[in-house]
Number of protein chains: 2
Amino acid sequence: MTLPFPFLAPENAPCPTGLLAKAQALPAPKVALVNAGSLNPLQGIREAVELGLADPILIGDIDKIKRTADDIGWDISAYRIEDAPHETAAGRAADLARSGEADSIMKGQIHTSTFLKGLLPSAAGLREKGTRCGHVFYITRAGSERPLFLTDAALNVNPSVATRKACLSHAVRLAEILGNPHAKAGILSPTEDTIPSIPNTVEAAEIAAWAKDALPNATVQGPMALDLIFSAAAAEAKNYASEVSGDADIMLAPNITSGNALFKMMVLGMGCCAGGLVMGLKVPILLTSRSQQAPARICSAALGAIVAAAA
Amino acid sequence: MTLPFPFLAPENAPCPTGLLAKAQALPAPKVALVNAGSLNPLQGIREAVELGLADPILIGDIDKIKRTADDIGWDISAYRIEDAPHETAAGRAADLARSGEADSIMKGQIHTSTFLKGLLPSAAGLREKGTRCGHVFYITRAGSERPLFLTDAALNVNPSVATRKACLSHAVRLAEILGNPHAKAGILSPTEDTIPSIPNTVEAAEIAAWAKDALPNATVQGPMALDLIFSAAAAEAKNYASEVSGDADIMLAPNITSGNALFKMMVLGMGCCAGGLVMGLKVPILLTSRSQQAPARICSAALGAIVAAAA
């Protein structure tokens, strides 16, 4: 008999009820689902529709979409369907967002890179020149409504300092939209010392200095190791004076390798719920993944509704 | 009133009893404590002595050591004390290890880099030419004896592929010493695809291919994202065939930035106990940190006793 892997949390937290209620109090946004004609994405948007988080626009092969809807017994006759081949479906969603017909865009059965290639280039018209996009996770633990915003754990692979500044700004803005105008952010590094052989420590200090002027309503500190971000006791043991320690709202990761592993450790090891979205475009972009659970999809849809309403 | 940070585990796991019993069944190793004359290190070695995990050699300023021992009411008259100034204390420990008088070396009140500078250069005589050192964490969750070996989360900042291979080998050997001759290892990356723009994915594939011949008794797979290492269900959802998924014994991190954050997330967020040691020298090296809890120190001492006995 094999024992269960002890590092895997036995269950996952639901989407926090406060967030859900806030989203449900708003009009359901028009959500353009890119490549809707497969089981997972259609089930996902159906959940969001039934919770009042989405008014769907289903983009993709119209026959496949109708067949899949039949398969899951969902009457989609009231919804807008846009017939589009796989390669141009994301571009069609960008058109709808640009013209104001869609309030957000959701990834369906399409490879993330193909999906983003249709949305991110300035030709798609969703981005102001010079703006950088970033993904922000909204992570909550079972029994708590308090989020940790983690960025970037999903989009930018090796973000430059400028991109990390943008990601931090997006997280601060997301916190503001959700009702926290004075977010505390820790810039993650393996140590609190600035050490030239660990460039992300030096860059963290640079980002923290920049934030004093650029993000005056936030408290930004770094470089900080994770123990200093999470624990006031650890900070005290190391004589590290910080308002952020043990009270962080935001954690800025130096790269996707660390960010991605940390978000997955929080979901799988700690049972957290992690919704999230790409910010920096005209509308929020909801990335979903085959291995994500329903609470994470619902959380992302709720965030999408709130951010779309704030635009 | 401030609510407690919800991402902080309310308590930490003790050192696993099976590991402790295994260490206590062996003769207590001679442990050379470098710069013993401060409260934390002396308390730490005392714990280890009282649990039968260490026969101490206290290195440092002899007056400070005696005064600190008086302060904590510990009679050290039976133990060997080596008078040495701060700068040369680590070198003195290396001498003792080389001559066989010390079975392991423990860090006291000394900066990690100063400590290691006295031990790691080949001049210290603890290292065979060409051997690379690596730190291995032995992480257990409350209520379970099953460890996850995580490397390198403490020593090598930007380990080369060769150093990562050495770290993996050290973890496999540590698993063997502890009774697991067929360890399963996942090489961590943000994705299971080998993508040139994410060099650690390509390197992970290289290390996995190398391991087939170099570590024939282990099962090594990579690149793997953390969800694929931890969860058989996630692997199934992504059609990723793996014996490692959800059954990993070892996780090889691409660099200290991700390794360090993950170990700290497991300790602070999941309440895990994380002992560990530096391998690759003539004797194991125990690094301790001011912010570490007693269970982690005891776990490290137990590992040190077991590894020293296997030398």
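Described in the following lines is the structure provided in the data block. Fair warning: this is a prediction, and the values are worked out from it, not measured in the lab.

## Concerning the pattern of salt bridges
All names here are of chain A. Per the stated rule, a full pass over the model turns up 28 salt bridges over all chains. As a salt-bridge pair, arginine 92 and aspartate 95 come within 3.5 Å of each other at their nearest N and O atoms. Remark: aspartate 95 and arginine 92 occur in helix 4 (residues 89-98); sequence separation between them is 3 residues, near one turn of the helix. Judged by relative accessible area, which is 26%, arginine 92 ranks as partly exposed. Assessed through its relative accessible area of 31%, aspartate 95 is described here as partly exposed.

## What to know about empty space enclosed by the protein
Residues and elements named next belong to chain B. Scanning the model with the defined rule gives 1 cavity of 30 Å³ or more in all. Approximately 40 Å³ is the volume attributed to the largest cavity. In terms of lining, the largest cavity is formed by Arg164, Ile187, Leu188, Asn200, Glu203, Ala204, Ile207, Leu252, Ala253 and Pro254. Elements that contribute at least two residues to the lining of the largest cavity include exactly strand 7 (184-188) and helix 7 (199-214). Ranked by residue count, the leading element in the lining of the largest cavity is helix 7, at 4 residues.

## Here's the deal with the interface of chain B and chain A
On the chain A side, the residues contacting the 50 residues of chain B number 50 residues. Carbon and sulfur atoms supply 70% of the area buried between chain B and chain A, which totals about 4,200 Å² over both sides. The three residues of chain B that bury the most area against chain A are B:Phe5, B:Phe7 and B:Met265, which together make up 19% of that side's buried surface. One can count 2 salt bridges joining chain B with chain A. Residue B:Lys264 is joined to A:Asp227 by a salt bridge in which the shortest nitrogen-to-oxygen separation is 3.3 Å. Between the two partners, chain B and chain A, sit 12 residue pairs in polar contact (both at pLDDT 80 or more). Ranked by residue count, the leading element in the side of chain B that touches chain A is helix 10 (residues 256-268) of chain B, at 10 residues. Each residue belonging to the side of chain B that touches chain A can be placed in one class, and the counts come to 28 nonpolar, 14 polar and 8 charged.

Parameters at a glance
- Residues numbered from 1 in each chain as written.
- Chains lettered and ligands numbered in written order.
- Predicted model: local features only at pLDDT ≥ 70, side-chain atom pairs only at ≥ 80, totals over all residues.
- Heavy atoms only, no water.
- Salt bridge = Lys/Arg side-chain N within 4 Å of Asp/Glu carboxyl O.
- Helix = DSSP H or I, 4+ residues; strand = E, 2+ residues; numbered from the N terminus.
- Buried < 20%, exposed > 50% of the residue type's maximum accessible area, 1.4 Å probe, protein only.
- 1 Å grid on protein atoms, 1.4 Å probe; cavity = no way out; pocket = protein on both sides within 12 Å on 5 of 7 lines; lining within 4 Å.
- Points joined across faces, edges and corners; volume = space filled by probe spheres on them.
- Contact = heavy atoms within 4.5 Å.
- Buried area = accessible area lost by both parts, 1.4 Å probe.
- Polar contact = N/O pair within 3.5 Å; in protein donor to acceptor, adjacent residues only side chain to side chain.
- Nonpolar A, V, L, I, M, F, W, Y, C, P; charged D, E, K, R; others polar.

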